[in-house]
Amino acid sequence: MQTLLINAAAILTVSTDGANSKRGADMRDLGILEDHALLIEDGKIADFIPSVSVNKSNFEQVIDLQGKTILPGLIDCHTHSVFAGSRADEFCMKLAGATYEDIARAGGGIRVTTEATRAASAEELLNLTEKRINYFVSLGVTSVEIKSGYGLNYDEEIKILRVIKSLQAQTPVDLIPTFLGAHIIPHEYSHRRDEYISLLTDHLIPFVGQHGLAKYCDVFCEETAYSAQETDHLFKCAIKHGLIPKIHTEQFHSVGGLETALANNAVSVDHLEVLDVSQIESIAKSNTTAVLLPGVSFFLKHLYAPARLLIDFGALVALATDFNPGSSHIPNLHLIMALGALQMGMTIEETIATVTINAANAIGLEKVTGSLEPGKQADLAVLDTDNYKDLLYTIGQNLNCMTIKKGKVIYQNTGFHQ
Ligand code: NIG
Ligand code: FE
């Protein structure tokens, strides 16, 4: 099957010349093509054809984009999309001055969502998550990472991972599952933390690895969660069982998580609000993606990660929503990009690189998606504008009018008239 997209104002290829990642000044080069048609063949990017040499009658399907703009499908590489319940009351406590850690210490936070998620059936969780995925798709998102981490016991963690697996069978979007059994120490193990860690290493991680229920193993390394030593032990076990490390680290305090993650070749190090310069240098020297989550800083009125320094030092930087009910109840990647530009000093072009090819690196999809290069999946977002800068400038609006996954239109809104 061939589909030809014609009359785009511009095609932002985010081309990498085969490198499949962008660092430093290269992040500002989006490989923009004008006056070209994009040919999709069997779900993959086949070619870019100069508009003057296009003969429409040669192609099975032709979509006239009437001056709209093509981007690679966006990638949300860090979410906690499977959860039940609401923490709106905590949000009000935060508005009144309580911090995220105050709330966690007082028995709120992740623990509250864990109770609600345990109480929900797999079917309820599936329906809730499906709606969230549909919202992501309406924004032009075509790949999403989803973590477990609100089950925190054997059956409930597996329940969440199975929900992600069932959903993958129903949605064209690539869903990348991450096991986050080490989110916090669950309440009932608070005086027996070693027992919970043994449950993870002796039972859960082996089961998850053996049944292919997750690709990655994440740990929240923080004063109120897991120590660096515990994280290292968990990572070693994860690697043994075929899971690749990821980490939540340097969010509030530096407790050695970053160094532990880099030593274990983590695919990504996420959060990074409290980095020092030598840590920035070590990330820049590595192939690990720095996943920054400005939605959390915004939602918690906390520090922003040093995006500008990370980019200027040459680190591989991505942005993600961290969509979750407590620290970033923000599923909108466009808003996250706007925060990157407005609050972290990134250029619009850099923010686009962070949610396309660099985000693909954070979830191991860089060879198949994240940029529009021949042979890659035809995963596209079409913006209802002739100026890609409007994506951030029209803050709070959704300019995406068409989402294409593996060559198929999976979302189209009223902004799209043929
Ligand atoms: O990425 N930092 C830990 N985990 C999540 C928050 C989860 C929650 O508060 O429910 C995060 O910020
Ligand atoms: Fe997170």
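Small disclaimer: the values here were computed from a predicted structure and weren't measured.

Peer 1: Tell me about the state of the cysteines, and name the residues and values.
Peer 2: Enumeration according to the criterion identifies zero disulfides in this entry. Summary of cysteine pairing: Cys77 is not part of a disulfide, and the nearest cysteine sulfur, belonging to Cys217, is at 17 Å. Free cysteine: Cys237, not disulfide-bonded; nearest cysteine sulfur from Cys217 at 7.6 Å.

Peer 1: So what about a negative patch on the surface? Which residues, and what values?
Peer 2: A surface patch of negative charge is lined by Glu41, Asp42, Asp47 and Glu60. Relative to the assigned elements, Glu60 resides in the loop between strand S5 (44-50) and strand S6 (61-64).

Peer 1: Please give an account of the environment of Ser227 that cites residues and values.
Peer 2: Inspection of the secondary structure puts Ser227 in the loop between strand S11 (216-220) and helix H7 (228-240). For the pair formed by Ser227 and Gly256, sequence separation is 29 residues and the distance between their alpha carbons is 7.7 Å.

Peer 1: Which residues make up the pattern of salt bridges, and what values do they have?
Peer 2: Applying the stated criterion to the full structure yields 16 salt bridges. Of the charged contacts, one joins Glu156 and Lys159 as a salt bridge, the two residues approaching to 2.7 Å between their closest N and O atoms. Of this pair, Glu156 and Lys159 both sit in helix H5 (residues 154-170), three residues apart, roughly one helical turn.

Peer 1: So what's going on with the sheet that holds S5? Which residues, and what values?
Peer 2: Spatial ordering of the open sheet is given by S5-S4-S1-S6, a layout of four strands whose pairing is mixed. Looking at the sheet topology across the chains shown, the edges are occupied by S5 and S6. With strand direction ignored, the average angle separating the axes of adjacent strands in the sheet is 20 degrees. Across four bridges, strand S1 (residues 2-6) lies against S6 in parallel orientation. Looking at the pairing, Leu4 lines up with Val62 of S6.

Peer 1: Outline the side chain of Arg132, supporting the account with residue identities and numerical values.
Peer 2: Structurally, Arg132 can be placed in helix H4 (residues 122-138). Apart from residues lying up to four places away in sequence, Arg132 is in contact with Ser81, Val82, Phe83 and Phe323.

Peer 1: Report on the coordination of the iron ion (ligand 2), specifying residues and quantitative values.
Peer 2: The protein atoms that coordinate the iron ion (ligand 2) are His78 (NE2), His80 (NE2), His248 (NE2) and Asp322 (OD), at distances of 2.1 to 2.2 Å. The sequence motif formed by the donor residues of the iron ion (ligand 2) is H-x1-H-x167-H-x73-D. You can see His78 sitting in the loop between strand S8 (74-76) and helix H1 (88-95) and its partner Asp322 sitting in the loop between strand S15 (316-319) and helix H12 (333-344), a full 244 residues away along the chain. Like His78, the residue Asp322 is buried in the burial classification.

Peer 1: Just give me the short version of the side chain of Ser148, but keep the residues and values in it.
Peer 2: For Ser148, the location among the structural elements is in the loop between strand S9 (141-147) and H5. Assessed through its relative accessible area of 1%, Ser148 is described here as buried. One polar contact links Ser148 to Glu157, side chain to side chain, over a distance of 2.5 Å. Among the polar contacts listed, one links the side chain of Ser148 to the backbone nitrogen of Leu180, at a separation of 2.9 Å.

Peer 1: Kindly report on the site of ligand 1, identifying the contributing residues and their values.
Peer 2: Taken together, 15 residues sit near ligand 1, with Arg87, Tyr100, Tyr150, Asp322 and Ser327 positioned nearest. At a separation of 2.6 Å, an oxygen atom of ligand 1 approaches a polar side-chain atom of Tyr150. The contact in question runs from an oxygen atom of ligand 1 to an N or O atom on the side chain of Asp322, over 2.6 Å. Starting from 330 Å² of accessible surface for ligand 1 in isolation, the protein chains cover 100%.

Peer 1: An account of a nonpolar patch on the surface is needed here, citing residue identities and associated values.
Peer 2: On the surface, a nonpolar cluster with roughly 240 Å² of combined accessible area is contributed by Val277, Leu309 and Phe313. Here Val277 falls in the partly exposed class, since its relative accessible area comes to 44%.

Peer 1: Tell me about the nonpolar core, residues and numbers included.
Peer 2: Cys77, Phe179, Val208, Tyr226, Ile283, Leu292 and Leu310 are the most contacted members of the largest nonpolar core, which totals 116 residues. Here this core takes eight residues from helix H6 (residues 193-210), the largest share from any one element. Within the second largest apolar cluster, 17 residues are counted, among which are Leu5, Ile45, Ile63 and Val382.

Peer 1: An account of the packing of aromatic side chains is requested, with residue identities and associated values reported.
Peer 2: With the rule as written, the count across this model stands at seven aromatic pairs. Seen in terms of ring centroids, Phe136 and Phe323 are 6.1 Å apart; in terms of plane orientation they differ by 85 degrees. Their pairing is edge-to-face. Note that Phe136 is positioned in helix H4 and Phe323 in the loop between S15 and H12, a separation of 187 residues in sequence. Judged by centre distance (5.3 Å) and plane angle (50 degrees), the rings of Tyr189 and Tyr196 are tilted.

Peer 1: Requested: an account of H12, with residues and values cited.
Peer 2: Listing the buried residues of H12 in full gives Leu333, His334, Ile336, Met337, Ala338, Leu339, Gly340 and Met344. Among the residues of H12, the N-terminal cap falls to Asn332, whose side-chain oxygen and the backbone nitrogen of His334 are separated by 2.8 Å. Immediately beyond the C-terminal end of H12, within one or two residues, lies Gly345, with a positive phi of roughly 75 degrees.

Peer 1: Help me get a handle on unusual backbone geometry, residues and values and all.
Peer 2: Located in the positive-phi region is Glu250, a residue other than glycine, with phi close to 50 degrees. Note on placement: Glu250 falls in the loop between strand S12 (244-249) and helix H8 (257-263). Overall, the relative accessible area of 0% leaves Glu250 in the buried class. Phi is positive for Lys301, close to 50 degrees, though the residue is something other than glycine. Here Lys301 shows up in the loop between helix H10 (294-300) and helix H11 (307-312).

Peer 1: Give me the sheet that holds S9: which residues, what numbers.
Peer 2: Here eight strands make up an open sheet; going across it, the order is S8-S9-S10-S11-S12-S13-S14-S15 and the pairing parallel. A single partner strand is all that each edge strand has here, and the edge strands are S8 and S15. On average, adjacent strands in this sheet sit at an angle of 25 degrees to one another, irrespective of strand direction. With three bridges connecting them, strand S10 (residues 174-182) and S11 associate as parallel partners.

Conventions used here
Within each chain, residue numbers correspond to sequence positions counted from 1 in written order. Note on labels: chains are lettered from A, ligands numbered from 1, in written order. Whole-chain, interface and lining totals are the exception, using all residues; otherwise, since this is a predicted model, local features are given only for residues with pLDDT of at least 70 and side-chain atom pairs are given and counted only at 80 or more. As a rule here, side-chain values cover all heavy atoms of the structure and leave hydrogens and water aside. Pairs of cysteine sulfur atoms within 2.5 Å are what we label disulfides. Each patch is built from residues that are more than 30% exposed by relative accessible area and take part in no salt bridge. Like charges join if they lie within 9 Å; nonpolar side chains (Val, Leu, Ile, Met, Phe, Trp, Tyr) join within 5 Å. Only the protein chains shown count as cover for residues, and the accessible areas themselves come from Shrake-Rupley with a 1.4 Å probe. Salt bridges are defined as contacts in which a side-chain nitrogen from Lys or Arg sits within 4 Å of a carboxyl oxygen from Asp or Glu. The sign given to each residue is positive for Lys and Arg and negative for Asp and Glu; His and the chain ends receive no count. Charged side chains are reduced to one point each, which is NZ for Lys, CZ for Arg, CG for Asp and CD for Glu. Numbered from the N terminus, helices here are DSSP runs of H or I no shorter than four residues, and strands are runs of E no shorter than two. Strand pairing is defined by DSSP finding a minimum of two bridges between the two strands. Every axis corresponds to a line fitted to the C-alpha atoms, with the helix fit spanning only the stretch in contact, and the corresponding angles, defined between N-to-C directions, vary from 0 to 180 degrees. Residue contacts are counted whenever heavy atoms from the two residues lie within 4.5 Å of one another. In this listing, donors mean N, O and S atoms no farther than 2.8 Å from the metal, or 3.2 Å for Na, K and Ca; water is missing from the atoms, so a site can look incomplete. Working definition: with a 1.4 Å probe on protein chains only, accessible area under 20% of the residue-type maximum means buried, over 50% means exposed, and in between means partly exposed. Nitrogen and oxygen atoms within 3.5 Å of one another constitute a polar contact, given that in protein one can donate a hydrogen and the other can accept it, and given that sequence-neighbouring residues count only through two side-chain atoms. By convention in this text, a residue qualifies as near a molecule or strand provided that one of its non-hydrogen atoms is within 4 Å of it. Nonpolar cores were defined as sets of buried Ala, Val, Leu, Ile, Met, Phe, Trp, Tyr and Cys residues, with membership established by side-chain atoms within 4.5 Å. Here a Phe, Tyr or Trp ring, Trp counted by its six-membered ring, pairs with any other such ring whose centre lies within 6.5 Å, and the pair is stacked when the planes are under 30 degrees apart, edge-to-face when over 60, and tilted otherwise.

On their own, these measurements won't tell you what the molecule is for.
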